[in-house]
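Reading the structure
Each chain, letter by letter, is given below.
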Amino acid sequence: MSKPSLPQGTRDFNASVVRKRNYIFQTIRSVMESYGFQPLETPAMENLDTLMGKYGDEGDKLIFKILNNGLDNPAKQDSAKLEFEKILSGKNSKSLTERALRYDLTIPFARYVAMNHAQLTMPFKRYQIQPVWRADRPQKGRYREFYQCDADVVGSYSLLNEVELSNLYATVFKQLGIDVTIKMNNRKILAALAEICGGADKMVDITVAIDKLDKIGLDKVKEELSGRGLSDSQINTIENYLLIDGSNDEKIASLKKLIGENATGNKGIEELEWVLNYHQNSFVANHLQADFTLARGLNYYTGIIFEVKANNAQMGSIGGGGRYDDLTGTFDVPNIPGVGISFGVDRIYDVMEELQLFPAEVQTGTKVLFFNLGDAESKVAYSLMQSLRDKGIAAELFHENSKFDKQFKYADKKQIPYAVIIGSKELLENSVVLKNLISGDQQSLSNNELLSFAF
RNA sequence: GAGGGCAUAGCUCAGUAGGUUAGAGCGACAGUUUGUGGCACUGUAGGUCGUGGGUUCGAGACCCAUUGUUCUCCCCA
């Protein structure tokens, strides 16, 4: 047996990391629950048919496929070989791979809604926190297995959903202690820009280019637009659009001038203003920023789009989302619109680590270590320990009668803050020595006093 | 899908122009006379230098291949 190792792009999480991650998950979960979202979990694997063709050509390649079982059945060997030829020529073969690992949470959710829409109470609000898998080449901050954390409302056109979701973002990050800017734009505004610049068919080219603005800068975006066949005057219009600056009100005023009479554009602006105004007297308003350079790569968005950035950290977006018209059309259930957001848990973790935002109490595991100083002594210790455990206090009894030295070192390494020492003397007196391992102070307590001690 | 870097003890790494028995720190374990830890000191264990070829009198070092890993681009979270 060679050295054990992890599959590429996967990670083990040790106790300390799991505790911190759970802190993030629990914060998000509790806020989502308080907004009336319901949990949903779907299987790690889906039928390949469910996933193929939903993520574009690039995405399809990154789906982890699962090899069918039983291919070594001698009766099937000839057909298996034949089918394998298909795979080699880039096609899929249902008789070789019928299933695949979940690539994101949105398509499984859409599949779920398509299967159950008749039973669901609309609007249906669900949240989902589960791992997804991609056969991507891993690099910094990108893994083959990672968690997504989504909340969606489907079956409603109301902008109140956008208001709630932006509020949800602001609440979660406030609770986590991360100062954020929630950027908002509207795909209708981008659509209007495309119409003004010579045609709705240019919409995808324009949004893909604009989406890169942060990364590559204005000049490169102009180059890219030119490469995609836009004229100088069209690019000039887009440049003017991208340069719009100022407060939210000032930006909207400038945009209105640029958009003019365009109906789609004005609808987009109106929606944006509606959401912004709704938050007017709330703490959310301080975090909301109209940002017309926000595009989002995904093309299924049709209305308001979001992206969240941490203000005090060098980090890309830590959340994003938006409105889409037709979640389940691909599963032959039309007319179910929705709006959703997602949290980038790994990045949130990195930001919180960088800014040291994890509360210290997230780390504590065992609170009390009972020393083991012999059979009779440890029996008393064991029963006292169980009483503490019943009260919800995490406690351990050292596994064998060892020297003090060893038992102290164990407590030290596990960062256990209290030691309870019961030796022959204490055994006779029905008492214990309780030692605070951080301060070094110790006191003698009766057994009953120990049980009512405030750890 | 395209292109770089790295691979030596459990971990982090050093190994100078190829030259005897491959090193350090941390960690682990044991001890410094068994009821008070973190420190310090002493000692012990642990490596066929990722794998397979090649060059050479001689390879951890140079060349080729292979596997793993990491980073960048594409794309995305």
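Nothing here was measured: the structure is a model prediction, and the numbers come from that model.

Our next topic: the domain arrangement of chain A. Looking at the assigned domains, one finds that chain A contains domain 1 (26-40 + 119-132 + 140-354) and domain 2 (361-451). On a C-alpha basis, the centres of domain 1 and domain 2 stand 53 Å from each other.

Attention now moves to a nonpolar patch on the surface. Among the surface-exposed residues, Leu 160, Trp 274 and Tyr 278 lie close enough to one another that they form a single nonpolar patch of about 300 Å² accessible area. Checked against the element boundaries, Trp 274 lands in helix 12 (residues 263-278). According to the relative accessible area criterion, Trp 274 is partly exposed, its value standing at 38%.

The strands that make up a sheet are held in pairs by hydrogen bonds between backbone atoms, and each pair lies either parallel or antiparallel. If you walk across this open sheet you meet the eight strands as 1-5-6-11-10-9-7-8, and the pairing is mixed. Of all strands in the sheet, those with a lone pairing partner are strand 1 (38-39) and strand 8 (288-290), marking the two edges. Each of strand 5 (124-133), strand 6 (145-154), strand 7 (180-186), strand 8, strand 9 (301-310), strand 10 (319-324) and strand 11 (338-343) is contacted by helix 6 (residues 160-176), which is oriented at about 10° to strand 11, the strand it contacts most.

Our focus in this paragraph is the side chain of Glu 307. Secondary-structure assignment places Glu 307 in strand 9. For Glu 307, the side chain forms a polar contact with the side chain of Arg 296, separated by 2.9 Å. If we skip the residues at most four places from it in the chain, Glu 307 touches Thr 181, Ile 182, Lys 183, Leu 294, Arg 296, Ser 317, Gly 319 and Gly 320.

It is worth spelling out the packing of aromatic side chains at this point. This model, assessed by the stated rule, comprises 21 aromatic pairs. Here Trp 274 and Tyr 278 contribute two aromatic rings whose centre-to-centre distance is 5.0 Å and whose plane-to-plane angle is 45°, an arrangement assigned as tilted. Highlighted residues: Trp 274 and Tyr 278, both in helix 12, separated by four residues, approximately one helical turn. The partly exposed category is assigned to Tyr 278, whose relative accessible area is 47%. A centroid spacing of 5.5 Å and a plane angle of 70° characterise the contact between Phe 371 and Phe 404, whose relative ring orientation is edge-to-face. Residue Phe 371 is located in the loop between strand 12 (368-370) and helix 14 (375-390), and its partner Phe 404 is located in helix 15 (residues 404-413); the two are separated by 33 residues in the primary sequence. The exposure class of Phe 404 is partly exposed, given its relative accessible area of 39%. Of the aromatic side chains, those joined through ring pairs into one cluster are Tyr 169, Phe 173, Phe 306 and Phe 343.

Take the nonpolar core next. Ranked by internal contacts, the top residues of the largest apolar core, which has 77 residues, are Leu 168, Phe 173, Ile 178, Ile 318 and Phe 343. The dominant element in this core, judged by the number of residues it contributes, is helix 6, at eight residues. Beyond its immediate stretch of four places on either side in the chain, Ile 318 contacts Phe 173, Ile 178, Val 180, Val 308, Ala 310, Ser 342, Phe 343, Gly 344, Arg 347, Ile 348 and Val 351. Counting residues in each nonpolar core, the second largest holds 16 residues, with Leu 384, Met 385, Tyr 418 and Val 432 among its members.

Let us now look at the protein's contact with RNA strand B. Around RNA strand B, the structure places 31 residues, and the nearest of them are Arg 134, Arg 142, Tyr 143, Lys 413 and Lys 435. Near the protein, within 4 Å, the atoms of RNA strand B are sugar or phosphate in 42% of cases. Leu 6 places a main-chain nitrogen or oxygen 3.5 Å from a phosphate oxygen of RNA strand B. The backbone of Lys 140 places a nitrogen or oxygen atom 3.3 Å from a phosphate oxygen of RNA strand B. When contributions to the surface near RNA strand B are tallied by element, the ones reaching two or more residues are helix 15 and helix 16 (424-429). Grouping the amino acids of the surface near RNA strand B by side-chain chemistry returns nine nonpolar, seven polar and 15 charged.

Cut-offs and rules
Once a new chain begins, its residue numbering starts again from 1 and follows that chain's sequence as written. In the order they appear in the text, chains get letters beginning with A and ligands get numbers beginning with 1. The predicted nature of this model means local features are confined to residues of pLDDT at least 70 and side-chain atom pairs, given and counted, to a pLDDT of 80 or more, with totals for whole chains, interfaces and linings taken over all residues. Side-chain calculation: all heavy atoms of the structure are included, whereas hydrogens and water are not. Note that the domain bounds reflect an automated or database-derived domain assignment. Patch definition: residues with relative accessible area over 30% and no salt bridge; like charges joined within 9 Å; nonpolar side chains (Val, Leu, Ile, Met, Phe, Trp, Tyr) joined within 5 Å. Each accessible area value is a Shrake-Rupley result obtained with a 1.4 Å probe; residue values ignore everything except the protein chains displayed when judging cover. Put simply, a salt bridge is a Lys or Arg side-chain nitrogen that is within 4 Å of an Asp or Glu carboxyl oxygen. Think of it this way: any DSSP run of H or I at least four residues long counts as a helix, any run of E at least two long counts as a strand, and we number them from the N terminus. Using a 1.4 Å probe on the protein chains alone, a residue whose accessible area is under 20% of its type maximum counts as buried, one over 50% counts as exposed, and one in between counts as partly exposed. Note on pairing: two strands pair once DSSP finds at least 2 bridges between them. Whether two residues are in contact is decided by their heavy atoms, any of which lying within 4.5 Å being enough. Interaxial angles span 0 to 180 degrees and are taken between N-to-C directions of axes, which are lines fitted to C-alpha atoms, for helices over the stretch in contact. Pairs of N or O atoms within 3.5 Å make up the polar contacts considered here, provided that, within protein, one atom can donate a hydrogen while the other can accept it, and that residues adjacent in sequence are counted only when both atoms are side-chain atoms. In this analysis, rings of Phe, Tyr and Trp, with Trp reduced to its six-membered ring, are considered paired at centre separations within 6.5 Å, and the interplanar angle assigns stacked below 30 degrees, edge-to-face beyond 60, and tilted for intermediate values. We call a set of buried Ala, Val, Leu, Ile, Met, Phe, Trp, Tyr and Cys residues a nonpolar core when their side-chain atoms join them within 4.5 Å. Proximity is defined per residue: if any heavy atom of the residue lies within 4 Å of a molecule or strand, that residue is considered near it. By the convention adopted, Pro, Cys, Tyr, Trp, Phe, Met, Ile, Leu, Val and Ala count as nonpolar, Lys, Arg, Asp and Glu as charged, and the other residues, Gly among them, as polar.

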